[in-house]
Amino acid sequence: MTAVLTRRPGLARIRAAGSPLHLACLALAAVVVLAALLAPWLAPHDPNTVDLGDALAAPSAAHPFGVDAAGRDTLSRLVLGARTSLLGPLGVVAFSTVAGIAIGTAAAWRGGWLDSVLSRGTELVFAFPGMLLAILIISVHGEGLLAPVLALAVAYTPYVSRLARSLVLAERARPYVSSYRVQGHSALQICLRHVLPNIAPVVLAQSAINFGYALMDLAGLSFLGLGVPALTPDWGRMVFDGQTAIQHGYPLSAILPCAVIVLTVVAFNVVGERWADLVARRDR
């Protein structure tokens, strides 16, 4: 008699979660977040101290990553810049996730004309480029972090609302929803206590991916000079300021923030995609 061996889903999930790439990206994301939280204590110098006599200095013991064209310590601006560079995407993801879940849930649960109106509205927003919307709002509001965050949050909301709508439609057809309805539970109670917790893992996985994209978009706006003010440490602004250094043959102050942006975006995307994969494995 031959024994049939089957792979346990729990073990498969553990192996998938423990893949080297996922663990490396998770560790990188954690380091970046910790650096942002502890930035005032980690930065060796004041990021806005200007010393033109030391401009474009090579890496040294005092300045491990060198100095930019304005004589400011590159390492300090990288560390302090993590706060602004992560705070913006966090605002985009928080607003778009809450608004997207509310819109998608209302459209899927109520259906009918409300579903048509909300779906058509999100499609109109979806068709409008988020970066262009951000540039238009910034041109009216002026520089700062609030305007681009709100603009990109509006642009990202349709992605979340579409996902939430499809997930709520699937949950609404499950027997437990009919059971709670028969027991007299209101639609709000069913959604808040049962439907939303069930769809939360998938939405959070998408939010992690959106976080990386929002970081890249906000860095691009700062590079164009449309984001945070000039004196505010920010990775995208550092790339913009580093153009002068590149022209003089000192690219380090521009290359380092570029590398940090790319690695952070990749880390959050990999973590989000792996999380979504684990949720899909769980639901099979």
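Note: the structure precedes this text.
What comes next is a walk through the structure. (Residues numbered from 1 in each chain as written. Predicted model: local features only at pLDDT ≥ 70, side-chain atom pairs only at ≥ 80, totals over all residues. Heavy atoms only, no water.)

## Quick notes on the overall build of the protein
So, point 1. The number of helices and strands found in the protein is 11 helices and zero strands.
So, point 2. The order of α-helices and β-strands along the protein, N terminus first, is α-α-α-α-α-α-α-α-α-α-α.
So, point 3. Counting only C-alpha atoms, the protein reaches 75 × 65 × 30 Å along its principal axes.
So, point 4. A burial count over the protein gives 40% of its 284 residues as buried.
So, point 5. Across the protein, contacts joining residues at least 24 apart in sequence account for 70% of those joining residues at least 6 apart.
So, point 6. Accessible surface for the protein amounts to roughly 15000 Å². Of this, 69% is attributable to carbon and sulfur atoms.
So, point 7. When the 20 basic and 15 acidic side-chain charges of the protein are each reduced to a single mean position, those positions are 20 Å apart. (Helix = DSSP H or I, 4+ residues; strand = E, 2+ residues; numbered from the N terminus. Buried < 20%, exposed > 50% of the residue type's maximum accessible area, 1.4 Å probe, protein only. Contact = heavy atoms within 4.5 Å. Areas by Shrake-Rupley, 256 points an atom, 1.4 Å probe, with all protein chains shown as cover. Lys, Arg positive; Asp, Glu negative; His and termini not counted. Charge placed at Lys NZ, Arg CZ, Asp CG, Glu CD.)

## A word on helix 5 (residues 112-127)
So, point 1. Here helix 5 contains 16 residues, and its C-alpha end-to-end distance of 23 Å stays within 8% of the 22 Å for a straight helix at 1.5 Å per residue.
So, point 2. Taken residue by residue, helix 5 has D115, S119 and T122 as its buried positions. Looking down the long axis of helix 5, one finds its buried residues gathered within 70° of arc, a one-sided arrangement. Relative to its buried face, helix 5 has exposed residues pointing more than 90 degrees away, namely W113, V117, L124 and A127. (Expected span 1.5 Å × (residues − 1). Arc of directions from axis to C-beta.)

## Quick word on the packing of helix 4 (residues 74-110) against helix 7 (residues 146-172)
So, point 1. Where helix 4 contacts helix 7, the two axes come as close as 5 Å, and the packing angle between them is 40°. Here helix 4 lies oblique to helix 7, going by the angle between them. For the element pair helix 4 and helix 7, the recorded crossing hand is right-handed.
So, point 2. Of the residues assigned to the contact of helix 4 with helix 7, the class counts are 17 nonpolar, nine polar and two charged. (Axes fitted to C-alpha atoms, helices over the stretch in contact; angles between N-to-C directions. Parallel < 35°, antiparallel > 145°, perpendicular 65-115°, else oblique. Left-handed = near helix turned anticlockwise from the far one by under 90°. Nonpolar A, V, L, I, M, F, W, Y, C, P; charged D, E, K, R; others polar.)

## Remarks on the nonpolar core
So, point 1. C25, L78, L86, F211, L215, W235 and I261 are the most contacted members of the largest nonpolar core, which has 21 residues in total.
So, point 2. Mapped by element, the contributors of at least two residues to this core are helix 2 (20-37), helix 4, helix 9 (187-223), helix 10 (235-247) and helix 11 (252-283).
So, point 3. Among the elements that line this core, the one with the most residues is helix 11, at seven residues.
So, point 4. Apart from residues no more than four positions distant in its own chain, L215 is found in contact with S85, L86, P89, W235, I261, T264 and V265.
So, point 5. With 12 residues, the next largest nonpolar core counts V92, A134, V149 and A151 among its residues. (Core = buried A, V, L, I, M, F, W, Y, C linked by side-chain atoms within 4.5 Å.)

## A short note on the packing of aromatic side chains
So, point 1. Counted by the stated rule, this structure contains four aromatic pairs.
So, point 2. Here Y176 and Y180 contribute two aromatic rings whose centre-to-centre distance is 6.3 Å and whose plane-to-plane angle is 80°, an arrangement assigned as edge-to-face. Of this pair, Y176 and Y180 both sit in helix 8 (residues 175-182), four residues apart, which is roughly one turn of the helix.
So, point 3. Residue Y176 is classed as partly exposed on the basis of its relative accessible area, which comes to 22%.
So, point 4. Across the ring face of W109, the terminal group of R172 is positioned such that the distance to the ring centre comes to 5.7 Å. (Phe/Tyr/Trp six-rings, centres within 6.5 Å; stacked < 30°, edge-to-face > 60°. Lys NZ or Arg CZ within 6 Å of the ring centre and 35° of its normal.)

## Details of the side chain of T105
So, point 1. For T105, the position within the fold is in helix 4.
So, point 2. Classification of T105 as buried rests on a relative accessible area of 10%.
So, point 3. Beyond its immediate sequence surroundings of up to four residues, T105 is in contact with V168, C191 and L196.

## Let's talk about the packing of helix 4 against helix 9
So, point 1. Where helix 4 meets helix 9, the axes come as close as 8 Å, and the angle between the chain directions of the two elements is 145°. Where helix 4 crosses over helix 9, the handedness of that crossing is right-handed. On the side of helix 4, the interface is formed by S85, L86, G88, P89, L90, V92, V93, T97, I101, T105 and W109, while helix 9 contributes A187, I190, C191, V195, L196, V203, S207, N210, F211, A214, L215 and L218.
So, point 2. Of the residues contributing to the contact of helix 4 with helix 9, the split by class is 17 nonpolar, six polar and no charged.

## So, the pattern of salt bridges
So, point 1. By the definition in use, this model includes six salt bridges.
So, point 2. Residue R174 is joined to E171 by a salt bridge in which the shortest nitrogen-to-oxygen separation is 3.2 Å.
So, point 3. Residue classification places R174 among the partly exposed positions, given a relative accessible area of 42%.
So, point 4. Residue E171 is classed as buried on the basis of its relative accessible area of 10%.
So, point 5. It is possible to trace a salt-bridge network through shared partners that takes in D68, R72, R237 and D241. (Salt bridge = Lys/Arg side-chain N within 4 Å of Asp/Glu carboxyl O.)

## So, the side chain of S207
So, point 1. Within the secondary structure, S207 sits in helix 9.
So, point 2. A relative accessible area of 6% places S207 in the buried class.
So, point 3. Among the polar contacts made by the side chain of S207, one reaches the side chain of T97 at a distance of 3.0 Å.
So, point 4. In this structure S207 touches V93 and T97, once residues within four positions along its chain are discounted. (Polar contact = N/O pair within 3.5 Å; in protein donor to acceptor, adjacent residues only side chain to side chain.)

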